[in-house]
Amino acid sequence: METKVHGTAPAITAALRVALSAVLSALFSVAISAALPAAMACLAVIAPARASAAEGAAVDFSGVGWVQYGQMHTSDTVPNNYDGNPVQNSGAQISVSAKINDRMSGAVGLGVYEGHALAGQLASGGRVTVSASPYIAAANFTYLLGDQETPLLKATAGLFHYNYDGNIKDLGLYLLRGSVYPGFLMSGFETADVVPLANVLGLWLRNDAGMFRSDVVVNCETELKPYFDLSVAYIGRARLSDVFSVGAGVNFYRLIPSNAKTSHHPFDAVFEKRNEDVKNAYQREFIYVDTAGGKQDTTFFGFDGTKVMADFELDVKPLFGSPALFGPEDLKLYGEAALMGLSFDKAHKAIYGGVAQRMPMMVGFNFPAFGFLDHLSLEVEYYGAQFRDDTWRMQPDIDRPESPIPYDLHGPDDTTTAIRTYSRDNVKWALHAARTIQGHFKISGQLANDHFRPGGIANTPPTYEVATSTLSDWYWMAKIAYFF
Amino acid sequence: MHTRTAGFLAIVGLAIAAMTAAVSAGDVTYRITGQGWAETGRIVHATDTLLVNLNGNAMQSAGAQFTAYADIGENWEGAFGIGGYQAHHMQGSGTVSSRSMHFYFKNFITESRMTYFRGDKADPYFSLTFGNFNYDYNPDIKNLGLYLFRGTVYPGFLVSGFMDPTVDQTKGDILGLKMHNVLGKFSQDVIFANERQFPPAFDWSLGYVAKYRPIDGIELGAGFNFYRLLSANSDLTTPDLTEYRTRDSTLTAQGDTHPYDHYYTEGRIDTVRDAANLPIIDTATGKAKVRYVPTTTYTHRGVKVMGMASFDPKKMFGLGGNFGEEDLRLYAECAMIGVQNYGSVYNKPLQRIPVVVGFNIPALRFLDVVSIEAEWYGAAYRNNVSKLTQQKYSELPSPIPVSYNTYDPIKNRGGVDPVTGRLLKDSTDAGGNVIQVPGPIQIRGTALDIENLTQDNWKWSLFMQKTVRQHIRFTAQVANDHFRPQPTHTKYADLDGTGATEFSSSLSDWYYMVRLGYFF
Amino acid sequence: MGFTVTASVRAALTRTAVAAMACAFSALAAWAEDGIKIQYHGAGWIQGGRIEKASDTLSDGKGQNFNDNWTQNSGGQITAVADLGAGWEGGLGLGAIQSPGVFRGSPEYDKVPGLTWSPYVTEARLTYTLGDAAHPALQVTAGSFHFNYNPDVKNLGLYLFRGLVYPGIVISGFETKDVLPIANIYGLNVRHERGGFRGDFILNSETDINPYFDLSFAYLASYRFLNAIEIGGGVNWYRAVAQRPSITSPGKACPDPNSNVGVNAADKEICFILDTTLVGGTVTKIDTVTGSLSGVKLMGRFSVDPKTLFGLGGPFGPKDLIFYSEAAVLGLKNYPKYYEKIIQRIPVMFGVNLPAFGYLDDLSLEFEYFANPNMADFEKELEDNSWIPRPKAVTEITNDSGAVVRTIRTNTRSDDWKWSLYLDKVVAGHLKVSGQIANDHMRTGGFYLRPTQSETFSDTFDWYWMMKVAYYF
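Residues numbered from 1 in each chain as written. Chains lettered and ligands numbered in written order. Predicted model: local features only at pLDDT ≥ 70, side-chain atom pairs only at ≥ 80, totals over all residues.

### Overview of the overall build of chain B
Within chain B one finds 6 helices and 20 strands. Over its C-alpha atoms chain B spans a radius of gyration of 26 Å, differing by no more than 12% from the 24 Å that the globule rule assigns to 520 residues. Dimensions along the principal axes, computed over C-alpha positions, put chain B at roughly 85 × 55 × 45 Å. Burial analysis of chain B (520 residues in total) assigns 51% to the buried set. Taking the contacts inside chain B whose residues are at least 6 apart along the sequence as the reference set, 60% of them involve residues at least 24 apart. (Helix = DSSP H or I, 4+ residues; strand = E, 2+ residues; numbered from the N terminus. Rg over C-alpha atoms; globule rule 2.2 N^0.38 Å. Buried ≥ 20, exposed ≤ 12 C-beta atoms within 10 Å, placed from the backbone. Contact = placed C-beta atoms within 7 Å.)

Laid out in C-alpha cells, this is it:
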C-alpha cells in the first residue's frame, strides 16, 4: 500500500508517518503475501497448541435497555429548522462475554436502536417514521501477553469501545473522533464514545507500567467518508499523583488509505472548478491556488493529516483528605486541547486557519453533588474554526465529489472573494448529570450546545449540519437506562 | 413549559421517586427468554383490487427475539430485548411489483422497561412500569378488539392482525408509563402512552382501565382513553391554520363534494359585508367578496371509551372434565371511537362503535384454544390511512377519511361518475376528442365504495394455538380483520413501511397464517 | 420445463403440511414435560479484502472497474439452541453485519453510499430427532435453518442448492452462508441414516432470488464406507411448485417484452427465446421457444481420505490429504441457442486439502471447470424474471479514426476455470483466522449507480483475497 505525504507537513511528522506506514505496510504485506503460513506460525507462538485446545468458555450476559427523550431549541433555519423538535429513542442490547482461558476473552453484543428523524416544522406533518436499526455493541477478543496479573501488553481486536478520558461527558475526545481536513468535531449526548458501546474497529494495544499508561489504537474509519482508511494513534497518560494526571496523544489520521487516490489525492480535474468560476477559495473542490506575486501555486488537499492532543485531570479532594461529604467525581477539573492538522503552509492556513482556528480547547468541572448525583459536570469549549460545522461536502453524490474543503457560505449572488467565516458557533457548552441507582439503574440528563448532528428532518434528503449553531441554541435530553 | 415536555418529565420524576424510595438492592438475578418462529400464509381473497391486487399473495417470515429479565432486589424488575424478522413486500399482481419485491430484515425492540412492584411479582397489588412495554387489558382477545389503545379516533381506524404486538405479550406496544393497582376483586390501570404509529407523531394519550370480578368466572371492565391529550405540535393535532384552508374553501365553493373530500375543516362561503351590512364589491372582478368560514374544525384528538366482559361457565358452574383452561369462555368488547360528534363526517355515533364477541370453542385439550371472534363496526369509510401518512393525499395529516379522490387525485371526485357511480375511463368522441365515460367498474354501492362502505362492517377471526412440551407452539389464524399488508414495491410506498390500506373490504375477503415456533 | 401446479395445489400442499404438523403435535401432547437446556453460541468477526485483478471493465458499462477495490465488513451474532428433551431441539438467533451497500467501482464513480447495518436471523428452527442425534434414524427440521450437504467444500461447489438452473448461474465466495452456520433454507428437512447411508429430503421455499415462494424439492443420499470414502448424489427439482406460474414459466404472452436491465435495452428475449433459422444468410424463420425458471439439477460427489484408507500415520492433521469432488447438472432440458448442450451445464469441481501438518486446520485448493457459454450474470433474472441469459456484451473495436471496424462479444471462455485456495486455523478453540485467495463466482453487486449480478472475475488469472478474524463460542 502506498502512502503519500502532501502539502508541506513538518519533516519530522512526515518521517514518522512514513516510518509507521512502512512498518504497518510490511505487516499487512506479510499477512497477504504467500507467506501466510508464516503468519499462521506467528499465531502459533501466541497460542502454542498446534491442536486446538477447545476448553469450555465461561459465558456471562450483560445488557442494557433505555428510553430517551429530549427537545431542541434552535434558531438557525438553514438548512433545517429543528426548533421545538422532540428527540426520542429507545433501545436494548444484549452482550455475551466469554472467558476462554486466563489470557483470552471475547465478547459479542447485539443491540437494536429505535429512533427517528426529527420532525422539522409543520410542513413535515409530523410524519416521522420510527425505525429500528441493529448495531453491534461489541465483537472483539482480548489477549493478555506476559504476566496475567500485570500483563506486558493487552491486545484487543475487533469492534470495541475505547475512551482515553473517562472524565469527558460530551465535549472532547477529539483525538479519535472527527476529521482533520477540515477539522470537524463530533459530540452529543451519551454517544458511543462515552458509553460502553463499540466505537473503534481495529486494534488496541495497552501497556500499563505503574503510573504510565500507553495505548496504541489502530482504527479503521467507518464514520466519515472515505471509509476504511486506517488511522494510527498513540495516547500516553501519566498519573503523577492522586491529584493530578496528564495525557497526550497523536493520531496519524488516515495514515494508510484504502484507496490513496480517494483519501490522499482526491483531486479530480473533471469536478474541480475552473478558475473563472471561482470567487473564493471555498468554492474549489480539492485545491488552493495562490496567485500572489503573479504566480500560480497550486496546493492539493487530501483527507489525511495529523492530530495531537493534550489533557489533564486535577482532583483536589485528596489534598483535603478526600472528605466523605463529596462524591468520588466531585470537584474534578479536567480539560483537553487538540490541534487538528499540523500543516501550516499558506494554503492550509487560508482554508483551515492557523493554530488558533484549529485548536479546540475544552475545560470541564464537576460541581459538588454530595452524593445526590454521580456527577454534575459543566464543560465549556472554544473552537475558533472559521468554517461552518457542516460535513455536507464530505458526502459525495452523483454530481459531487467528496471534498476536503469546507462549506461555502456565499450566496449565489455574492461575488466577494474573501472567505465568509463563521464564528457564531465558536463557544460550546454542556451540562451533564447522572445518577446510578442500586447499581443497575441510571438516570441521566444533559443541557447542551454541542456538535450534535440530527441528520436532517423526516422525509427529506439527509443533511450533516450541527443543530446548535449559535450560542443561544441548546437542547435538553433525559434518559432512563437499566443495565446488568 | 411545553405540555409534552411536561409529560415526559412527569415520567422521569415518578421513576426517580420510585427508584429512590425502594429498598436497597440485593443481588441481580436475570433470565434470558427467547422465541423463534417460521410462519407462512396467504391472502386468499381481497375484493378491492383497484389500487393493488393482493389476491393469492403469499406471505412468509422467520424471526427470532431475545429478552432479558432481571430481578433487582425484591421490588424491581427490568426487561429489555431485541428481535429481528424477515419481511418482504407484497407481490401484488403485476410482474413489475412481483419482480421488484425483495426480502429484507427488520428489527424491533421486544421491551425496554423497568417495573417497580409491591406484592407478589406475578400479581402485584401495585406496579409502576415505564419504558417500552406490552399492555393487554383483555387477554381473551386473540385478534379483534383492544381498540382502546390501538388505532386512531378521528378517523376511527382500527388495527388488528395475526400476532399483532398488542396481542403478542412478548412484544412491547406502548412507550410511556403504566400504573397498576389491585384492590381485592377490583383492578385498575392508568396508561400514559406516546403515539408512534400514526402521524402526527409523539402526542401523548392518557388512558384508564378498570376491571372487576364479582364472582369467579365473570369479569367486567371499562375504560377510557384521552387520545392525544398532550400535543407534540397542536397545529398538527388540530390543523386549524388559515394557510391550510385553501383546499377546503375551494371545495366548499365548488359545491357538489363529499365531506370526505375535505382535509381539515368544513365551512360555508359568506359574503363579506361592511358596517352597513352591504356586500363589499371586489373592484377587480365586480363581484361581491366572499370568504370561507369554517363551521367545523376536525381534530385528531378525541376520547375513546370501552366496555368489556368475559364469562367462563367452567368456573362459574364448576364444570370439569376434559375441558381445557380456555374452553367455553365467552367474551365481548365494545368501544366508542370518539365520543364527540363532528360536522358531517362524524355525526353518527353508531358508526363509531365496534362490537366484538368471541367464544372459545371447546378444544378438549386437543388444542390449547380455538377462538372464534366476530366484530361489527359501522364506519362508512375505508380503513385507509393514506391521508394521515402520505403528503400527496394531504399536506398535513388529515382527520378526515379518504374519498373517491384516492382512486385518482387528479380527476374530479376521483373519476367516479356521479350518475352511475362507475369509475370513469378515457374514451374519444366522434370528433376525436378525449372524453371520459363511465367504465365497467361499479364503485357506488359495492365493496369499492370507500365513501359509503358497508360491506366491510362485519369481521371475523378463527384462532388456534397449541403448545407442546411447554416450549413448542403451533399457531394458526384464518381471518377477515384489519390486517394491513406490507406495501408492494411499486405502490403504497408508505412512510413507515406498512401498507396504508386494510386488505379486506367485504365479508368474502380472508387470509390465513400458520406459525411454528419455539420459545424458552 | 415446469410442473404446472396451480395455486390451489400449492395451497393443498400447505394444508396437508399443516394437518401433518397438527397430527404430530396432537401425538406429542401426551408426553411428559422435561426441563430444557439452553446453549448459547455467539460469533463476532472482522473481515477485509481486496479485488486485485478483474479483467472485465466493460460489460456493465462505465464505472464497472473493481480493480483494487477494498471491501470489509464486521458483525456479530448470538444463537440459542435449546434441548427440549425427548428428541426435540429448537434453535433461534439474531445477527447484524455492518458492510458497504455496494462496491466502489472505478475511481471516478467511487462514491460509496455508506455503511449500513443489516440484521439477519441466524436460524429459527425446530428439530425432532429419533435415535442418536449424531446419526439419527429420523430427523425432521422445520423453519429457517442451515443445510450443507458437503462440508468438504470451502468455496466452489454446493451447486445443488445455490444458484439457478435457467439461466445456469452458480454462486460462491468467501465463507458464504452456505458454509457458515447461518440459515440458508426455509422449509423442511427430513433426514434418515442407517449405517453409512444418509438420506435427506429438502423442501425449500425460495427467499433468495425472486420470484419468491416457489417451492423446490430435493433429495440427497450419501454413503460412507471404510470410514474413508464417501459418495453421494442428489436431485433438486428447482421451483417445482411455482407460486406464480405465469412468472416462473411465462408463455408467449409476455407481460413486459422489454428488458429493464440498463445495458440490455434492446434485448427482446425476455419470456421466450427467438430462435432464428438462416438460409443462405437470410433469416427465414423465427421460432418462439418458451421455457421456465424451473428445472432439475443433479449432483454427484465423492470424498476420499487416504490417511484412513491406507493407514497413513505421521504428522498429518485430521483433514490433510482429503480429496473431494463434486459435479452438477444444471437443467436436464435443452433449449436452442442458449442451452443446447448439456455438457455446457455441468460444473465440475475437485479439491484437495494440502498437508498442513497441524499448523493449519485447512489448506484447501479447489479447482472448477464450467464451460458455460452464456454470461454469468443474473441481473436479467432479477429485473425481468427471465430464464434466458443476458446477451454477451458487445465491445466495439475502432480504428485510429474512431470508426467502428468490428464488434466482438465479451469473451467468456476464459472464465471456464475457477480456483480457490482457502486456509484457516482455530486458535485456543474459539478464535478462528481464515483467508482465501481465489478466482470464484463472487459478485460485487455492482457499484452504486448500476446494480449488476455479473461475476467479478472473467479471466482465469483474475483474483482477490480476503481475510477474516472471528471469535466464537
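From this point, the discussion proceeds with the structure in view.
### Brief notes about the interface of chain B and chain C
Every contact between the two is made by 42 residues of chain B and, on the other side, 47 residues of chain C. Elements with a contribution of two residues or more to the side of chain B that touches chain C: β1 (28-45), β2 (58-72), β3 (76-88), α2 (95-100), β4 (103-118), β18 (458-468), β19 (472-480) and β20 (510-519) of chain B. The element that contributes the greatest number of residues to the side of chain B that touches chain C is β1 of chain B, accounting for 7 residues. Residues that form the side of chain B that touches chain C fall into these classes: 20 nonpolar, 18 polar and 4 charged. (Nonpolar A, V, L, I, M, F, W, Y, C, P; charged D, E, K, R; others polar.)

### Let's talk about helix α4 (residues 246-254) of chain B
Residue and element names in this part refer to chain B. Taken residue by residue, α4 has Asp248, Ser249, Leu251 and Thr252 as its buried positions. When α4 is viewed along its axis, its buried side chains cluster within an angular range of 160° and face the same direction. Across from the buried face of α4, at angles greater than 90 degrees, the exposed residues are Thr246, Thr250, Ala253 and Gln254. Its buried side turned inward, α4 meets β10 (265-271) and β11 (290-297). One or two positions beyond α4, positive phi appears at glycine 255, with a value near 70°. (Arc of directions from axis to C-beta.)

### A closer look at the environment of asparagine 258 of chain C
Residues and elements named next belong to chain C. Within the element layout of this structure, asparagine 258 appears in the loop between α2 (245-248) and β10 (272-279). We classify asparagine 258 as partly exposed; it has 13 C-beta atoms within 10 Å. Through-space distance from the C-alpha of asparagine 258 to that of tyrosine 186 is 32 Å; in sequence the pair is 72 residues apart.

### Describing the interface of chain B and chain A
Listed by partner, the interface residues are 49 residues for chain B and 40 residues for chain A. Elements that contribute at least two residues to the side of chain B that touches chain A include exactly α1 (3-21), β1, β2, β3, β4, β5 (126-133) and α3 (234-237) of chain B. Here the element with the most residues in the side of chain B that touches chain A is α1 of chain B; it accounts for 8 residues. Its residues placed into classes, the side of chain B that touches chain A shows 30 nonpolar, 13 polar and 6 charged.

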